[in-house]
Amino acid sequence: HSSGSEGSGGVSMPFSVCVKDRMMYSHTFTFDDGVPFTTGCTAVVTATFEGAALGPYDILIDILVAQKLLREVMELYDHKNLDALQEFARPDGSRRNTTVEVMAQAVYRQLHSRLQAHHHSVLATDGKGLGAVTAMHIKLEESDVALASYWEEARPEGLFSARAVGS
């Protein structure tokens, strides 16, 4: 028996499912001194899905689906030079620093998009889709002592509900 955890926004989330994967990439940072610094990173990514209740078949999310979709996202960045990806260009043509914070947000957005598509594909068959998932957190570890994470506020109506998507 578990008392649950406090998810985003203080909403009780007694269920969570986590999947992990990793990616390796290179990128260049430019800070106050204006001197570019090129480095590489092996990032371990944990995607955590939360919900207050289980969905169809007594699962929050199918772990195999979560692993497959996280792997798809990892392949967007794995063994890539992030400086060359249009995703990180600003409208003026300058490049964003692809810090661990920026990468955690990028992974969140890419994974959310794929999960949204999956939700709609299974919604027609089971009537629930991923409706039990109310929050997702991305943790991106660049080493055993440094990490960043990104999440958005929990949505009691479901992370993939029509109301949540339109907000």
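Observations regarding the overall build of the protein chain
Move 1: What the protein chain contains, in helices and strands, is three helices and seven strands.
Move 2: From first element to last, N terminus to C terminus, the protein chain shows the α and β order β-β-β-β-α-β-α-β-β-α.
Move 3: For the protein chain, with 167 residues in total, the buried portion stands at 41%.
Move 4: Of the contacts made within the protein chain by residues no fewer than 6 positions apart, 65% connect residues no fewer than 24 positions apart.
Move 5: Just so you have it, the protein chain exposes about 9,100 Å², and 54% of that area is on carbon and sulfur atoms.

Here we look at helix 1 (residues 63-77)
Move 1: With 15 residues, helix 1 ought to run about 21 Å at 1.5 Å a step, and its terminal C-alpha atoms sit 22 Å apart, in line with that.
Move 2: Where helix 1 is concerned, the buried positions are Val65, Ala66, Leu69, Leu70, Val73, Met74 and Tyr77.
Move 3: Among the residues of helix 1, the N-terminal cap falls to aspartate 62, whose side-chain oxygen and the backbone nitrogen of leucine 64 are separated by 2.8 Å.
Move 4: Trailing helix 1 by a residue or two, histidine 79 shows a phi angle of about 55 degrees, which is positive.

Re the nonpolar core
Move 1: The biggest cluster of nonpolar side chains holds 40 residues, and the ones touching the most others in it are Met23, Phe49, Tyr77, Val107, Leu111 and Leu140.
Move 2: When contributions to this core are tallied by element, the ones reaching two or more residues are strand 3 (15-29), strand 4 (37-51), helix 1, helix 2 (100-126), strand 6 (135-141) and strand 7 (147-151).
Move 3: Once you skip the residues sitting within four places of it in the chain, phenylalanine 49 turns out to touch Phe15, Ser16, Val17, Val19, Leu60, Ile61, Ala66, Leu111, Leu115, Val133, Ala135 and Met136.

Some words on the packing of aromatic side chains
Move 1: In the structure shown here, the tally under the stated rule is three aromatic pairs.
Move 2: With a centroid separation of 5.6 Å and 40 degrees between ring planes, the pair formed by phenylalanine 29 and phenylalanine 31 is classed as tilted.
Move 3: Centroid distance tyrosine 108 to tyrosine 150: 5.1 Å. Interplanar angle 75 degrees. Geometry classified as edge-to-face. Separated by 42 residues along the polypeptide, tyrosine 108 in helix 2 and tyrosine 150 in strand 7 bring together distant segments of the chain.
Move 4: The exposure class of tyrosine 108 is buried, given its relative accessible area of 1%.

Let's talk about the pairing of strand 3
Move 1: One ladder, built from 15 bridges, connects strand 3 with strand 4; its direction is antiparallel. For methionine 24, the partnering residue across the bridge sits in strand 4 and is threonine 42.
Move 2: One ladder, built from two bridges, connects strand 3 with strand 5 (residues 80-81); its direction is parallel. When the sheet's bridge partners are listed, serine 26 is paired in strand 5 with asparagine 81.

Considerations on the pattern of salt bridges
Move 1: Overall, the coordinates contain five salt bridges when judged by the stated rule.
Move 2: Lysine 68 is the partner of glutamate 72 in a salt bridge, and the nearest nitrogen-oxygen pair spans 2.8 Å. Of this pair, glutamate 72 and lysine 68 both sit in helix 1, separated by four residues, roughly a single helical turn.
Move 3: Glutamate 152 serves as the salt-bridge partner of arginine 155, at 3.3 Å between the closest nitrogen and oxygen.
Move 4: The class of arginine 155 is buried, set by a relative accessible area of 16%.
Move 5: One continuous salt-bridge network, built from bridges that share partners, spans Asp21, Arg71 and Glu75.

Conventions and cut-offs
- Sequence order sets the numbering: in each chain, residues are counted from 1 along the sequence as written.
- Whole-chain, interface and lining totals are the exception, using all residues; otherwise, since this is a predicted model, local features are given only for residues with pLDDT of at least 70 and side-chain atom pairs are given and counted only at 80 or more.
- Each side-chain value is worked out from all heavy atoms of the structure, with water and hydrogens disregarded.
- A run of H or I in DSSP counts as a helix once it spans at least four residues, and a run of E counts as a strand once it spans at least two, with each numbered from the N terminus.
- With a 1.4 Å probe rolled over the protein chains alone, any residue whose accessible area is under 20% of its type maximum counts as buried; one over 50% counts as exposed, and the rest are partly exposed.
- We call two residues in contact whenever any of their non-hydrogen atoms come within 4.5 Å of each other.
- To measure how exposed things are, a 1.4 Å probe is used in the Shrake-Rupley method; for residues, cover is taken only from the protein chains shown.
- In this scheme, a helix's expected span is set at 1.5 Å multiplied by one less than its residue total.
- Side-chain atoms alone can form a polar contact between residues adjacent in sequence; in general such a contact is a pair of N or O atoms within 3.5 Å, and within protein one must be able to donate a hydrogen while the other accepts it.
- Think of a nonpolar core as a cluster: buried Ala, Val, Leu, Ile, Met, Phe, Trp, Tyr and Cys residues, connected wherever their side-chain atoms sit within 4.5 Å.
- Two rings from Phe, Tyr or Trp (for Trp, the six-membered ring) form a pair when their centres sit within 6.5 Å of each other. Planes less than 30 degrees apart are called stacked, planes more than 60 degrees apart edge-to-face, and all others tilted.
- A pair of strands is considered paired only if DSSP assigns at least 2 bridges between the two.
- Any Lys or Arg side-chain nitrogen found within 4 Å of a carboxyl oxygen on Asp or Glu counts as a salt bridge.

Distances and angles like these do not, on their own, reveal function.
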